[in-house]
Amino acid sequence: MNPCPLCANTQPKQTVPARVARRYFLCPECRLIFLDPVHLLPLNEEQQFYDTHENSIDDPGYVGFLQRLLTPAMTFLRPGMQGLDFGCGPGPTLSKLLAREGIACDDFDPLFFPNPLQAQYDFILSSECFEHLHRPAAEISALLARLVPGGYLGIMTDRWQSEAQFYDWHYTRDPTHCSFFHRATLDWLCETFALNLCFVDERRIAIFQKN
């Protein structure tokens, strides 16, 4: 049956071909492409893969990459706000960049920084994390519950464009990637979770405001 992990649609799913030896399904309702659950990695194997990443604020390339999210996000942020970097990884960097702007931001990562979360945040940023979500509906709902009304959710995750592009897409080569969003998926999120899409680029950045 392969219910969609985002919208729970139980209709038959189209299989989406990929060059890698893993199976993917396309949801006809929310347009999420998701990995067959039989291919999901155990948590310890995921962590071993993440441990190979060496990202930090001392890496100009990584800082420049994060600016793709931070630059448009700064349009909506201001000093005095309290934010959260969800999925900060082993080398938290967004929070340090925001501190330079006088904006407080907590670090959280379920593997590397499982810190206690505050009840509410003015904004939540998540860079290269949503593609790792095994249960995107539950995890997005939990994030939005911690966002104040009028607060902002900014995400960076590459979006699939077409089935032809998906076939040889670099995102599928990472065995920890299991949820692939489409531009239409962003509209579904807005309709389902009462969000406004404040900013979207052609490929990977989306910033929502909670009603």
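For the structure, check the block above.
The residue numbers shown here count from 1 along each chain, following its written sequence. This being a predicted model, a pLDDT of at least 70 is required before a residue's local features are given, and a value of 80 or more before pairs of side-chain atoms are given or counted; all residues contribute to the totals for chains, interfaces and linings. For side-chain calculations, the full set of non-hydrogen atoms in the structure is used, while hydrogens and water are omitted.

Draft legend 1. Spatial organisation of the overall build of the chain. The way it works is that DSSP assigns letters per residue, a run of H or I at least four long becomes a helix, a run of E at least two long becomes a strand, and they are numbered from the N terminus. Within the chain, the secondary structure is distributed over six helices and 10 strands. The quantity called the radius of gyration is restricted to C-alpha atoms. Its globule counterpart is 2.2 Å times the number of residues to the power 0.38. Computed over the C-alpha atoms, the radius of gyration of the chain is 17 Å, within 12% of the 17 Å expected from 2.2 N^0.38 for a compact globule of 211 residues. In terms of overall dimensions, the chain has C-alpha extents of about 50 × 40 × 30 Å along its principal axes. Burial classes follow relative accessibility: with a 1.4 Å probe on protein chains only, a residue under 20% of its type's maximum area counts as buried, one over 50% as exposed, and anything between as partly exposed. Among the 211 residues that make up the chain, the fraction classed as buried is 49%. Long-range pairs, those at least 24 residues apart, make up 63% of the contacts in the chain between residues at least 6 apart in sequence. By definition in these notes, contact holds between two residues if any of their heavy atoms fall within 4.5 Å.

Draft legend 2. A look at the nonpolar core. The biggest cluster of nonpolar side chains holds 30 residues, and the ones touching the most others in it are Leu6 and Phe208. Secondary structure elements with two or more residues in this core: β4 (82-86), β6 (121-127), α4 (136-145), β7 (147-156), α6 (183-193) and β10 (205-210). For this core, the leading source of residues is α6, giving four residues. In this structure, leucine 6 is in contact with Cys30, Leu32, Pro136, Ala137, Ile140, Phe181, Thr185, Trp188 and Leu189, ignoring residues within four places of it in sequence. Take the buried Ala, Val, Leu, Ile, Met, Phe, Trp, Tyr and Cys residues and link them wherever side-chain atoms come within 4.5 Å; each set so joined is a nonpolar core. If you look at the next biggest cluster of nonpolar residues, it comprises 20 residues, including Leu77, Leu98, Phe123 and Leu125.

Draft legend 3. A look at the sheet that holds strand β8 (residues 179-180). Pairing between two strands is assigned when DSSP locates at least 2 bridges connecting them. The four strands lie next to each other as β1-β2-β3-β8, forming an open sheet whose pairing is antiparallel. Across the chains shown, the open sheet's two edge strands, defined by having one partner strand only, are β1 (14-16) and β8. Of the pairings in the sheet, the one linking β1 to strand β2 (residues 24-26) comprises three bridges and is antiparallel in character. For glutamine 14, the partnering residue across the bridge sits in β2 and is leucine 26.

Draft legend 4. Highlighting unusual backbone geometry. Located in the positive-phi region is alanine 8, a residue other than glycine, with phi close to 70°. With respect to the element layout, alanine 8 can be found in the segment before β1. A positive phi angle, near 55°, is found at alanine 194, a position not held by glycine. Note on placement: alanine 194 falls in the loop between α6 and β9 (195-200).

Draft legend 5. Seen up close, the pattern of salt bridges. When a carboxyl oxygen of Asp or Glu is within 4 Å of a side-chain nitrogen of Lys or Arg, the pair counts as a salt bridge. Tallying each qualifying case throughout the model produces seven salt bridges. Ionic pairing is found between arginine 159 and aspartate 201, a salt bridge with its closest N-O pair at 3.6 Å. Remark: aspartate 201 occurs in the loop between β9 and β10 and arginine 159 occurs in the loop between β7 and α5 (163-167); sequence separation between them is 42 residues. When salt bridges with common partners are traced through the structure, they connect Arg19, Asp168 and Arg173 into a single cluster.

Draft legend 6. Geometry of the pairing of β7. Across the 10 residues of β7, eight count as buried, placing the element largely inside the fold. Note: β6 against β7, six bridges, orientation parallel. Bridging from a neighbouring strand, isoleucine 124 pairs with leucine 153 of β7. Seen with its strands pointing away from the viewer, a crossover is right-handed if its path from the first strand over the helix to the second goes clockwise. Chirality of the crossover, the property in question, places the unit of β6, α4 and β7 among those that are right-handed.

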